[in-house]
Amino acid sequence: MADSPGYSITYDNKIKAVVCVWKGYSNSWEFREGTEKYLSLLVQKKVSKMLVDLKEMILIGKEDQDWMDRSYLPKAVEEGLKAVAVVQPDYYFNKVAVESILFKLNMRPVQVNYFKTFEEAKEWLSMF
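The residue numbers shown here count from 1 along each chain, following its written sequence. Totals for whole chains, interfaces and linings use every residue, but because this is a predicted model, local features are given only for residues with pLDDT of at least 70 and side-chain atom pairs only at 80 or more, for both listing and counting. In computing side-chain values, all of the structure's heavy atoms are included and hydrogens and water are not.

Q: Please clarify how the pattern of salt bridges should be interpreted in this entry.
A: A side chain with one charge may pair with a side chain of the opposite charge, provided their charged atoms come close. Any carboxyl oxygen of Asp or Glu that lies within 4 Å of a side-chain nitrogen of Lys or Arg is treated as forming a salt bridge with it. Within the structure shown, the criterion is met by 6 salt bridges. In this structure, Asp12 engages Lys122 in a salt bridge whose closest nitrogen and oxygen atoms are separated by 2.9 Å. Of this pair, Asp12 sits in strand S2 (residues 7–12) while Lys122 sits in helix H4 (residues 118–126); the two residues are 110 residues apart in sequence, bridging distant segments of the chain. Linking Lys62 and Asp66 is a salt bridge whose minimum nitrogen-to-oxygen distance equals 2.8 Å. On the criterion of helical spacing, the pair formed by Lys62 and Asp66 is a turn pair, its members being 4 residues apart in helix H2 (residues 62–78). Residue Asp66 is classed as partly exposed on the basis of its relative accessible area, which comes to 26%. Secondary structure follows DSSP: runs of H or I at least 4 residues long count as helices, runs of E at least 2 residues long count as strands, and numbering of each begins at the N terminus. Categorising residues by exposure relies on relative accessible area from a 1.4 Å probe, with only protein chains included: less than 20% of the type maximum marks a residue as buried, more than 50% marks it as exposed, and the intermediate range marks it as partly exposed.

Q: So what exactly am I meant to see when it comes to H4 here?
A: In an α-helix, one turn spans 3.6 residues, which is why side chains three or four residues apart end up on the same side. Those residues of H4 not exposed but buried are Ala121, Trp124 and Leu125. Taken down its axis, H4 places every buried residue within 95° of arc, on the same side. For H4, the exposed residues lying more than 90 degrees away from the buried face are Glu119 and Glu123. Contacts were defined at the residue level, with two residues in contact if any of their heavy atoms lie within 4.5 Å. Tucked inside the fold, the buried residues of H4 contact strand S3 (17–24), strand S4 (49–57), strand S5 (83–87) and strand S6 (111–115). When we speak of the arc, we mean the arc of directions from the helix axis to the C-beta atoms.

Just distances and angles here, no functional claims.
Right under this line is the structure:
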């Protein structure tokens with residue numbers, strides 16, 4: 001569906017979810033572009049689930065974390081996001097950033113769960 005050097009976005013018809021796999025480092029523009037693309041696909045497919053694989057993502061910057069909290073997450077919830085399965089990053093500082101962002105998302109009516117593997121995340125989402 002959408003690819004760049006930093007991410008790949010697809011739709012998994014079997015689990016009815018948008019899937020985004022992040023790779024390496026993404027600058028702020030690319031990070032925001034990718035997140036907007038997978039929200040757009042969620043709306044287009046009329047689904048409420050995302051699988052976000054951050055295993056190989058290096059870092060989400062502080063400004064992008066703030067943007068996620070202030071702008072992106074409220075819009076995602078408004079567009080119908082209900083469940084997010086996250087494959088945890090290998091990189092410690094990104095793990096801390098992701099947990100901070102998703103802690104705030106968990107305070108909204110969205111179920112968030114963390115996994116070590118893509119397969120575990122996919123299995124959990126298939127239960128919705």
